[in-house]
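Spelled out, the chains give:
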Amino acid sequence: VANSSILLKTNNMALVIPLKKPIKYDLKGPLTSWLDEPSDGNGHSESIYPKPKYRSYECMKELKRLASVRNCLSESILKSDAHKHAIDDFALKDCHEYHAALVAFEEKGFPTWDEFSPLKLTWCSSVSPAKEQHGSLVWDRVCTLWNIAALESFQASQQSKDKEGRKAAVKHYQNASASMKYLRESLKGQQFDTVDMNKSLIQFWEMAMLAQAQIAAYDMASESGKHSLLSYLAMGAVPVLNDALTHAKDPFVLSNLPKPIEEWAGECKAQSMLLTARAEFHQAIMHRQLSEWGKELARLSKAEIYLKECINFHKNTSRDLTKAETILRLVQDRKVKVKKENDNMYNDRVPDDLDEIPAKLLVKNDLPMPESLRTTTVPIFV
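A few points on the structure.

Cut-offs applied
- Positions within a chain are numbered from 1, following the residues in the order the chain's sequence is written.
- Local features are withheld for residues below a pLDDT of 70 in this predicted model, meaning they are given only at 70 or higher, and side-chain atom pairs are given and counted only at 80 or more; totals for whole chains, interfaces and linings count all residues.
- Hydrogens and waters are ignored; side-chain quantities use all the structure's heavy atoms.
- Numbering of helices and strands starts at the N terminus; helices are DSSP runs of H or I of at least 4 residues and strands are runs of E of at least 2.
- The classification of residues rests on relative accessible area computed with a 1.4 Å probe and restricted to protein chains. Under 20% of the type maximum is buried, over 50% is exposed, and intermediate values are partly exposed.
- Residue burial considers only the protein chains on display, and all accessible areas are found by Shrake-Rupley using a 1.4 Å probe.
- Given a helix with a known number of residues, its expected span is that number minus one, times 1.5 Å.
- Planes of paired rings set the category: under 30 degrees apart is stacked, over 60 is edge-to-face and the rest tilted, where pairs are Phe, Tyr or Trp rings (Trp by its six-membered ring) whose centres lie within 6.5 Å.
- Distance and angle both matter: a charge sits over a ring if NZ of Lys or CZ of Arg is within 6 Å of the ring centre and within 35 degrees of the ring normal.
- Throughout, a residue-residue contact means that at least one pair of heavy atoms, one from each residue, lies within 4.5 Å.
- Whenever a helix is involved, its axis is fitted only over the stretch in contact; in every case the axis is a line through C-alpha atoms, and angles between N-to-C directions fall within 0 to 180 degrees.
- Comment on the angle field: the value is read as roughly parallel under 35 degrees, roughly antiparallel over 145, roughly perpendicular from 65 to 115, and oblique elsewhere.
- Whether a crossing is left-handed or right-handed is set by the direction in which the near helix is turned from the far one by less than a right angle, anticlockwise for left-handed and clockwise for right-handed.
- When residue character is reported, Ala, Val, Leu, Ile, Met, Phe, Trp, Tyr, Cys and Pro are called nonpolar, Asp, Glu, Lys and Arg charged, and the others, Gly included, polar.

Re the overall build of the protein
A tally of regular secondary structure across the protein gives 14 helices and 2 strands. By its C-alpha atoms, the protein is 95 × 40 × 35 Å across when sized along the principal axes. Per-residue burial over the protein gives 54% buried out of 382 residues. Summed over its atoms, the accessible surface of the protein is roughly 17,700 Å², and 51% of this surface lies on carbon and sulfur atoms.

See the structure below:
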């Protein structure tokens, strides 16, 4: 039984959110000119778009800091193997600092609109070659939140497979999911065109990261031998994965990212079926421990069905099915053995209906925004 639990460890989903690449741009120059020009220059209307109560010399330190952090991020993320280089260059910390600085600039009245803004902030789509430009600092901030989620997902995928590594993975995946949630909330009242800022795609990643956190929690508990807990944890990820799959069906996402979303959704579908099978298998072991042979057989049959569906669903893809095939052999071998024992010794009735397996979600993404995203390490505008 203990060996079965170890075998049922997942192959970590390891879906990693792709990074958005910013086009390098010096914020300081345009903002300096904007602050120092007359309030009604270039058609600017003070009543519609009031400016901050600063001249550039009064906030030059802040302007230089904002431009410096953005340029550092641009250089890190534009390198090849961007996720790894960005982590090595402390880009996650810089992303937090840049987001906090943007919050402060927005609160002081710097551009949160496109019309009459002096800024030309351009970002590439995370997957497609499309680029999008805006003058609003909100645009830079939501793109930064996207990259925070991407870097958290990458860090989670690089953790070791021992207990401490899984624990760290849970934390990073939760952070990635929470960052997507902050992004979604920041988009209220905004209008951006790129598919990355589509609500359904953001919710897909939000749910996919939350599911990966739950899977890491399941793996962390897999050697405990507590099959009741393991079945609940496995089932806990299934509705989250299915929620992600619902968002992946958005027509706008499908038309703009047909191949990537098919691959990402396929991984979610595979894990949903595998985890359902695992939950059934853990329940079967519980029935065995209680000498409930008929119920064990029924659970094993359900696990077999889900595993076969998973294998058939992905047999024409390049996805590695070794894990599913190995578990299927384990389930089938046990099913043959228990059927023979039941027929010859116990004659326990095999039920047609089984109780639904409770789902227990241990992870969460309704985390308060961390202080590092709201306050800069060195106070500004003081």
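Having seen the structure, we can now continue with the description.
Brief notes about helix α13 (residues 322–346)
The first and last C-alpha atoms of α13 sit 34 Å apart over 25 residues, in line with the 36 Å expected at 1.5 Å per residue. Listing the buried residues of α13 in full gives K323, A324, I327, L328, V331, R334, V338 and N342. Once α13 finishes, N347 follows within two positions and takes phi at roughly 55°, a positive value.

Side note on the packing of aromatic side chains
For the structure shown, the criterion picks out 10 aromatic pairs. Considering the side-chain rings of Y54 and F381, the 5.4 Å spacing of their centres and the 40° angle between planes classify their relative orientation as tilted. Remark: F381 occurs in the segment after α14 (371–374) and Y54 occurs in the loop between α2 (28–36) and α3 (60–77); sequence separation between them is 327 residues. In this structure F381 comes out as buried when scored by relative accessible area, which is 12%. Ring centres 4.4 Å apart and planes at 15° place the aromatic pair W293 and Y346 in the stacked group. You can see W293 sitting in helix α12 (residues 293–314) and its partner Y346 sitting in helix α13, a full 53 residues away along the chain. Clustering of aromatic rings is evident, with ring pairs tying together W34, Y54, F105, F110 and F381. Just above the ring of F313 sits the side chain of K269; from NZ or CZ to the centre is 6.0 Å.

A few points about the environment of V170
Along the polypeptide, V170 turns up in helix α7 (residues 163–186). A relative accessible area of 12% places V170 in the buried class. Linking V170 and A216, residues 46 residues apart in sequence, is a C-alpha distance of 5.7 Å. If we skip the residues at most four places from it in the chain, V170 touches A213, A216, A217 and V363.

Examining α3
A rise of 1.5 Å per residue sets the reference length of α3, with its 18 residues, at 26 Å; its end C-alpha atoms lie 26 Å apart and thus fit the reference within 8%. Within α3, burial applies to E62, L63, L66, A67, V69, R70, N71, L73, S74, S76 and I77. Packing partners of the buried residues in α3 comprise α2, α4 (82–88), α5 (91–107), β1 (121–124) and α6 (137–157).

Here's the deal with the packing of helix α9 (residues 227–248) against helix α11 (residues 258–289)
The N-to-C vectors of α9 and α11 enclose an angle of 155°; their axes lie 8 Å apart at closest approach. Classified by the angle their axes make, α9 and α11 are roughly antiparallel. Crossing hand, α9 versus α11: left-handed. Broken down by class, the residue content of the contact of α9 with α11 amounts to 17 nonpolar, 10 polar and 2 charged.

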